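Here's the letter readout for the chains.
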Amino acid sequence: MKTRKLRDIEVSEVGMGCMAFSHGYGQIPPESYSIEAIQGAYAHGCTFFDTAEVYSPNLSGIGHNERIVGKALRDVRKNTVLATKLFLSSGEVRREGSVYKAVRNHLEDSMERLGTDYIDLYYLHRTSGGVSVEDVADAMGQLFQDGLIRGWGLSQVDVDVIRRAQHVAPLSAIQNIYSMVERDVEKGVIPYCLKNNIGVVPFSPIASGLLSGKITTRTQFEINDDVRNWVPQLSKRNIAGNQPIVDLLKETAAVKGATPAQISLAWMLKKYPNVVPIPGSKNKERILENLDASEVELSDEEFKSLDDALNHLKVYGHRGFSH
Ligand SMILES: NC(=O)c1ccc[n+]([C@@H]2O[C@H](COP(=O)([O-])OP(=O)(O)OC[C@H]3O[C@@H](n4cnc5c(N)ncnc54)[C@H](OP(=O)(O)O)[C@@H]3O)[C@@H](O)[C@H]2O)c1
């Protein structure tokens, strides 16, 4: 698979979001299936794997997903780029006496679960508030000097926060929501990142499945631990409202001999050279389908016609993510 750089970290052009093996999209598969799916992605050319300490069933524990990713990639660790994320509370910073110590505790726990002695890309996932991004950046800079991380990033942040962090310790990547139906980052975040050699890693790039064309107003989401029940964009009304966008994808996909999900990923790959999406799926076949978006080349003309058409279509609802 083609590769891209997140600052100086080389990754496959399409990465793999591993969250759903532990949380967020209903029933989780048996661990052996998840491990095979991750190994299948690696065998298919994926080198970039995204996890987080909080990805556990119902978000009730810590590390379920990191353990699975660690087990799956143990034998090929050196050939992979592992990205994980920490949630930092102001209380633990007070208890530990410094942001550095608090972040390092999280990092060491994540490394143990992932079975590695370094993390390639370490993100601040969220904080409880009361922790300054400058202090986190400073801690990440020290962890880089310690040789424990190869780069660091922030998740779901605006340009002001990125700028403040970047002045303290250069960022490798920003992981924000981005898809054909969530385009806020195009206004400020992506231009700033392009200018400052920061990668952009879109999460939910298929809009939680909407852009695959497989979700209809009749789709029943799972009852337990399925975020699609509360994503406003996936209310029946908004699924119906967004149908013209799905139809546009289906038309383009038919012309290109690709799938709608692949076109939605190929569109962002064509649009920005610093974007590396991490689609999520707990289905082995769809994981490979999404990785193959890297093979779908949109010509300049095809891209323009798709982008222009998209710009004229109204988007109904958002994912409901807060900053
Ligand atoms: N930083 C953050 O705050 C944050 C937040 C959310 C997610 N993330 C990361 O981003 C990754 C991706 O985000 P996401 O999983 O929320 O969204 P996504 O990739 O946009 O969508 C995942 C959903 O789409 C379905 N899907 C995926 N590919 C498909 C295909 N080709 N055809 C049909 N359906 C398809 C999946 O169903 P199946 O499983 O049935 O295929 C699943 O329900 C996560 O795994 C996680 O690592 C980060």
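Cut-offs used in this document
Residues numbered from 1 in each chain as written. Predicted model: local features only at pLDDT ≥ 70, side-chain atom pairs only at ≥ 80, totals over all residues. Near = placed C-beta within 6 Å. Helix = DSSP H or I, 4+ residues; strand = E, 2+ residues; numbered from the N terminus. Nonpolar A, V, L, I, M, F, W, Y, C, P; charged D, E, K, R; others polar. Core = buried A, V, L, I, M, F, W, Y, C linked by C-beta atoms within 7 Å. Buried ≥ 20, exposed ≤ 12 C-beta atoms within 10 Å, placed from the backbone. Contact = placed C-beta atoms within 7 Å. Axes fitted to C-alpha atoms, helices over the stretch in contact; angles between N-to-C directions. Parallel < 35°, antiparallel > 145°, perpendicular 65-115°, else oblique. Pairing = 2+ DSSP bridges. Left-handed = near helix turned anticlockwise from the far one by under 90°. Right-handed = clockwise from strand over helix to strand, strands pointing away.

K.L.:
Requested: an account of the site of the ligand, with residues and values cited.
P.N.:
In the neighbourhood of the ligand, 28 residues make up the surrounding shell, with Gly17, Met19, Gly209, Ser212 and Gly280 lying closest. For the shell around the ligand, the leading source of residues is helix H11 (residues 284-291), giving three residues. Of the residues in the shell around the ligand, the class split is eleven nonpolar, twelve polar and five charged.

K.L.:
Let's hear about the nonpolar core: which residues, and what values?
P.N.:
With 93 residues, the main nonpolar core has Phe49, Val69, Val103, Val136, Met140, Ile174 and Val200 as its most contacted residues. The dominant element in this core, judged by the number of residues it contributes, is helix H10 (residues 260-271), at seven residues. Aside from chain neighbours lying at most four places away, what touches methionine 140 is Tyr122, Ile149, Trp152 and Ala169.

K.L.:
Before we move on, can you summarise the packing of helix H9 (residues 243-256) against H10 with the specific residues and values?
P.N.:
At a minimum axis distance of 8 Å, the contact between H9 and H10 shows a crossing angle of 95 degrees. Considering the angle they form, H9 stands roughly perpendicular to H10. On H10, the residues touching Val246, Leu249, Lys250, Thr252, Ala253 and Lys256 of H9 are Pro260, Gln262, Ile263 and Ser264. Residue classes in the contact of H9 with H10 are distributed as five nonpolar, three polar and two charged.

K.L.:
Before we move on, could you go through the pairing of strand S1 (residues 3-6) and cite the residues and values that matter?
P.N.:
Burial of S1 is one-sided: the residues Arg4 and Leu6 facing one way are buried, the residues Thr3 and Lys5 facing the other way are not. The pairing of S1 with strand S2 (residues 9-12) spans four bridges and is antiparallel. Paired with leucine 6 across the bridge in S2 is isoleucine 9. From the end of S1 to the start of S2, which pair antiparallel, there are two residues, and arginine 7 there has a positive phi angle of about 50 degrees.

K.L.:
Let's hear about the environment of valine 200: which residues, and what values?
P.N.:
Relative to the elements of secondary structure, valine 200 occurs in strand S9 (residues 199-200). Expressed as a C-alpha distance, the spacing of valine 200 and valine 185, which sit 15 residues apart in the sequence, is 9.4 Å. If sequence neighbours within four positions are ignored, valine 200 has contacts with Ala173, Ile174, Val185, Val189, Ile190, Cys193, Tyr272, Asn274 and Val275.

K.L.:
Could you give me a rundown of the sheet that holds strand S4 (residues 48-50), with the residues and numbers involved?
P.N.:
In spatial order, the strands read S3-S4-S5-S6-S7-S8-S9; together these seven strands make up an open sheet with parallel pairing. Two strands bound the open sheet, and with one partner strand each, they are strand S3 (16-17) and S9. As judged from the three bridges shared by strand S7 (residues 152-155) and strand S8 (residues 173-175), these two strands associate in the parallel manner. Pairing of leucine 154 across the sheet is with isoleucine 174, part of S8.

K.L.:
Summarise the packing of helix H1 (residues 31-43) against helix H2 (residues 64-73); cite the residues concerned and give the values.
P.N.:
Relative to each other, H1 and H2 sit at 55 degrees, their axes nearing to 9 Å. Classified by the angle their axes make, H1 and H2 are oblique. The chirality of how H1 crosses H2 is right-handed. The residues of H2 that touch H1, namely those facing Glu31, Ser34, Ile35, Ile38, Gln39 and Tyr42, are Ile68, Val69, Lys71, Ala72 and Leu73.

K.L.:
Describe in detail the environment of tyrosine 100, supporting the description with residues and values.
P.N.:
Along the chain, tyrosine 100 falls in helix H4 (residues 99-114). As for tyrosine 100 and glutamine 142, which are separated by 42 residues in sequence, their C-alpha atoms are 7.7 Å apart. If near-sequence neighbours (up to four positions away) are discounted, tyrosine 100 is found in contact with Ala139 and Gln142.

K.L.:
An account of the pairing of S7 is needed here, citing residue identities and associated values.
P.N.:
For strand S6 (residues 121-127) and S7, the ladder comprises three bridges, and the chain directions are parallel. In the sheet register, tyrosine 123 faces S7, and the bridge partner there is glycine 153. Following the backbone out of S6, through helix H5 (residues 133-145) and into the adjacent parallel S7, one traces a crossover that is right-handed. As for the winding sense of the linkage, the β-α-β connection from S7 through helix H6 (residues 159-168) to S8 is right-handed.

In short, shape yes, function no, at least from these values alone.
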